[in-house]
Structures are given as C-alpha cells and as structure tokens.
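Letter by letter, the chains look like this.
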Amino acid sequence: MGLAASPGIAVGKAWPIDRRRLKTPRARLEPGQVGPEVERFRAAIEAADAQLAEVREKAAAVEGAEHLAIIDMHRLMLKDEMLVNEAQRLIQTECVNAEWAVRRAIRKIKGAFSELADEYFKERRADIDYVGERIVKNLLGQATEVEEPPPDGAIIVSHDLSPADTALLLHERSVGAFVTDVGTRTSHTAIVARALEVPAVVGTGRLSALAVRGDWIVVDGSRGVVILNPSAAERADYEAARRRQLEHERALLATRDLPATTQDGVTVQLVGNIEFAEEIPNLLAHGGAGVGLYRTEFLYLARQDLPDEEEHYRTYRRVLEALAPRPVTIRTFDLGGDKLPVGAKAEAENPAMGLRGLRYCLRNLEIFRPQLRGMLRASVHGNLRVMFPMVSGAAEVRAAKRLLNELCDELRREGVEARVPSVGIMVEVPAAAQLADRLAKEVDFFSIGTNDLIQYTMAIDRQNKDVAYLYRPLHLSVLRTLKFVCDSARAAGIPVSMCGEMAGEPFFVLVLLGLGIHELSMNGPSIPLVKRVVREARASDGQALLARLLELTTAGEIEAEVKSEMARRFPGLLDSDASIGPAGG
Ligand code: PEP
Ligand code: MG
C-alpha cells in the first residue's frame, strides 16, 4: 500500500530503475592534492551541467515549461554559491576529498530547509539531493546518461524519481504507471503523472528493493494499492476493472464536443482548473471549454528565483495560444502564508488569515508588477481574463485595477503592445461575499472559491482533520451566501463562475443550476460526468429544489433533500454513496 497519487489502474511488467544513493567514499588529502582535487570538483560540476543540458534538450522536444523549469532549477543549484563555495572550502581547509565535501555541503543546505515543515519544502530537499548525487556520481565516474528506455506499458518502480527522470520517462509516452518508495501527493512525480493521466502510487516504503525486472505488477492509483506478483485471479480482476474503467470513461467522453446545455435550454460553461500548462491537452481531451482557474503560484513555487516579466509573458502567452479562442482565467499569485517562494518564508501564526493573495501582492509590488505586465502583454494573444484572489473589499479591488491600468499605460508608452483584459475577483472571503452587490459594480465577473469560502464561513481550517466534518457545502449559511453572491451578480449583469471543489461534484449540479451559475471550473477528468448530469437536468428543477432547501435548517436536512432529489432524477447515475462533498479542499 502507498499513497494514491494519480488515479487509474495499470497491470504490467515491472521496470525497476535503480536510484539508490551511492556510498560516498571519504579520504584525507595530502597538501599537494588539494589543488587538483578542487579542479576535479569543478570538472564534475561542469560534467553534471552538460548532462543536464542534454536532458533538457531531449525534454524540450515534447515536454512543457514545467519540466524545463525544474531542470533549469537543478542547473542553477549546481552553480549555487552556497554549494560550490562550501564544498571548495571543505576541500581546501579540511583537506577532505571532493565526494565527501559535496555530501557535507549538501547536508548543510538541506539543514536550512528542514526547519520548514511543509511538503513543498520537503520536495525541494529531494531536488538538492538529486543535484548532489549527480555531482558525486560524476566524481566517481558513474554518471550513466544513456539508459535503456522501458518497453511499452512498463511499470516504473524506483526508490525515488527526480523530476528530470519523470520528464524523460514520459518523453517515451509509454509508461504504464509509476511506483516510488518515497514521495507525497505534491511530489513532482505525482503532479506530472496526474497531469498526464498516468496512474501512480507513491510512498510504498521498500517496494523497489523487492521488484525484479519483468515481475507482474498491479497498480491502482485511485486507492494507493500495489500488488507485486499478483495471482492469476488478481491479475484478471484488475484487468477487468481497468477495462470497465476505460469503457466508462469512453462512454462519458461521447459528449465531449457537445455543449453542457440543460433539457430546458440553459447552457453552463464547463472549464478547467490547472496548475501547469502541461495539463491543457488533458483538459481539452475531457471537453474543457477553457480555463476557469489557472493557479499561477505553482509557477512560482517550483523554484528558487523569481520569474521575471519575460517569463510570465511567455508562459501565459503559451497557455492563451494553446486554448484560443477559448477563455483563460489567470489568477494572480495566491501567495502568502505557507505558499511562499524559497527564501521568502515568513512566519505567520495563522497563515490562512495572513498576508495572502491580493493582500500579499499589493504589499510586494516587485513581485506583482512583473506578473501583471507579463499578463497585459500576453493578453493580445488570446482570450484572457484576470482574477484576483483573497479579496475582502472594494478598496483592494480598486487598488489592483488602478495598478493594472497604470502598467498598461506604462507598457504602451514603452511602445509595447498590451491590452487590459476583463477583470474579476475570487469571492472566497465572507466579507467580499457580503459585499457582492457592491463589488459586482467594480468588476467584470465573479468566481466563487468554495474551498476558502466554506473554510472562512464555517471557521474551520482546511488542513485540520478534526473539523473536516463541518466542511458542508450545503450548510444553510453557505447556501445563503452563494445565493446572495449569485443574485447580486445577476442584478448587476455580470457572469458568475465557481472554481472551488464543489463545482466538480455531480452531486451538487442541480443546486448549482438553481443558483444560476454560468460557469463551473474543475479538474479536467471531472468534466464528463458533470456534463452528463447537466445535460439530463432541468434548470427549473434546480430552482425549485433550491427554494425548498432554503426553507430547511440543518445541513443534514438539506443534504438529505438533495440526495433524494438526485436519486429520483438521476437513478443509477450517481453512486448510491455519492459523497456529500469534498473533505477539505
Ligand atoms: C478556493 O478557495 O475555492 C479556490 C479555488 O482557491 P484555492 O483552492 O487555490 O485556494
Ligand atoms: Mg482559495
């Protein structure tokens, strides 16, 4: 058993990849050996850099900016002063061999990271290890670059996979699944596997030590199950489950190119939430009509340095062009609290309520300005909408819009083509929801972020399992809030979207139709089922249901009413135990 990292079932032959750590030799140098040792160290860095450059070139042929950014980050780490100076100092002053000096320098850098508890920084420690390992391998003359590619459908089993490994393996586009001993749901392997729909299970402990090339192996990435050497019966069961899953998906995809229009003629746009440009083909394959939420902070978190305006521009232009003429809603950085770039970690007692989202950006203009300028320039290449996260009042919206307009003028004065896109806000703070009637006059659209809106409305920390039972999208207070936001948008004549997890749950479709939401934004693979429910529903039934719900009192009563209505209208469509809502988000 491991962690379910990317859904889907795969049955195939194991292809173990040895990524075990090398044993680092330790030796004392004679004074005369110090100079040559420093040279040997420098040569190893150059060799490692040349290898990564080659990896990058191969990956660039098919992979997107995310993988390239990771490889670039590794190349930067190779040249990092802390690493180079510290290792050189150890060679020169402590007369230790280069391999040992590299290990100690890496340990010191990782020490600085280990005080930071969150998963993201843990993942960066894996990147630092990867870089150190590569230098040591070169010192030992063991850097193998050309590896035999796995056969079609092979199941990659490894202690760990570096982002560069994953990128290269997927370059072949034939991987059946990934299984790693270590890792979390936010590992790059997991993110990339999900984006490209390759099943993955991570954190299996020590499977890589047990699997032998050619062993049969079953991977269920939805449940985190891995069976090494399954019995014939187990293999047959999983093969059958895999076929059922694929058939089910294929059937749902039959409506891919049809609109999400209800029986009584109401059309809802079904669009995607993305974190990386790599997810676009997957989104389109599931019938996404555009992007309703592009979480740009991920662009920023996977690295140590700040993206400059040019990089913002190129990234957004690529996304816009890939989707044009479909709309792309780019959310400005929702940074702050626990989502800060490396080196900018600020301690906050309660990060969810701290300097986050638009508040953080308005306070850190050196980070905000290049992002906005990049967006304004990219805007001429597609159908861009910009949206600001964590808005709590009109003053913030006005400040952000003023800045956007100023930057547009500035660009034009510089002779650069730029266009102010349509501007919206995330409605995810109760204060903003309460002001929806006023805010609707300030912006072009709303997008309701239920993950945070429910967290703040119910006073429950999204990360805290003890209060997860209170995460109830159908709580009357949430429902009333949603209704007020949607009514305010309608009165002002602006569209309202929803991009929190609630939007992708088929169970809520009738309620959302009743609220009159124009656009639902979710993960690509959730689109087909939601579309099927929308196409079989009547918006008028949703309105009638909503009216009844608003007469009830407890979340339990409301959920029971929705459940019975859904079961009546869509018998067999939803699992009998269809979730009442996402557990956190
Ligand atoms: C939300 O809060 O619902 C949302 C979509 O934003 P995030 O999950 O990125 O906070
Ligand atoms: Mg949010």
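The present account deals with the structure reproduced in this document. All values reported here derive from a predicted model rather than from experimental measurement. (Residues numbered from 1 in each chain as written. Chains lettered and ligands numbered in written order. Predicted model: local features only at pLDDT ≥ 70, side-chain atom pairs only at ≥ 80, totals over all residues. Heavy atoms only, no water.)

### Digging into helix H3 (residues 81-94)
Thinking step 1. Here H3 spans 19 Å end to end across 14 residues, near enough to the 20 Å set by a 1.5 Å rise per residue.
Thinking step 2. Within H3, burial applies to Leu83, Val84, Glu86, Ala87, Gln88, Leu90 and Ile91.
Thinking step 3. For H3, the N-terminal cap is Asp80; the gap from its side-chain oxygen to the backbone nitrogen of Met82 is 2.9 Å.
Thinking step 4. Where H3 terminates, the next one or two residues include Cys95, which has phi positive at roughly 50°. (Helix = DSSP H or I, 4+ residues; strand = E, 2+ residues; numbered from the N terminus. Expected span 1.5 Å × (residues − 1). Buried < 20%, exposed > 50% of the residue type's maximum accessible area, 1.4 Å probe, protein only. Polar contact = N/O pair within 3.5 Å; in protein donor to acceptor, adjacent residues only side chain to side chain.)

### With respect to unusual backbone geometry
Thinking step 1. Look at the link from Ala324 to Pro325: it is a cis peptide, with omega at 5°.
Thinking step 2. Mapped onto the elements, Pro325 comes out in the loop between helix H12 (309-323) and strand E10 (327-331).
Thinking step 3. Despite not being glycine, Cys95 shows a phi value in the positive range, around 50°.
Thinking step 4. With respect to the helices and strands, Cys95 occurs in the loop between H3 and helix H4 (98-114).
Thinking step 5. One non-glycine residue, Met390, adopts positive backbone phi at about 55°.
Thinking step 6. Looking at where Met390 falls in the secondary structure, it is placed in the loop between strand E11 (383-388) and helix H15 (394-413).

### Some words on the packing of aromatic side chains
Thinking step 1. A complete count under the given rule lists three aromatic pairs for this structure.
Thinking step 2. Centre to centre, the rings of Phe368 and Phe388 are 6.3 Å apart; their planes meet at 70°, and the pair counts as edge-to-face. Pair noted here: Phe368 is in helix H14 (residues 365-378) and Phe388 is in strand E11, with a separation of 20 residues, a long-range link.
Thinking step 3. Judged by its relative accessible area of 0%, Phe368 is buried. (Phe/Tyr/Trp six-rings, centres within 6.5 Å; stacked < 30°, edge-to-face > 60°.)

### Considerations on the site of ligand 1
Thinking step 1. Around ligand 1 sit 14 residues in total, of which Arg295, Arg331, Gly449, Asn451 and Arg462 are the nearest.
Thinking step 2. Between ligand 1 and Asp452 there is a distance of 3.0 Å, counted from an oxygen atom to a side-chain nitrogen or oxygen.
Thinking step 3. Protein coverage of the free-state accessible area of ligand 1, which is 290 Å², stands at 97%.
Thinking step 4. Listed by contribution, the elements that provide at least two residues to the shell around ligand 1 are strand E9 (291-295) and helix H18 (450-458).
Thinking step 5. The leading source of residues in the shell around ligand 1 is H18, at three residues. (Near = heavy atom within 4 Å. Areas by Shrake-Rupley, 256 points an atom, 1.4 Å probe, with all protein chains shown as cover.)

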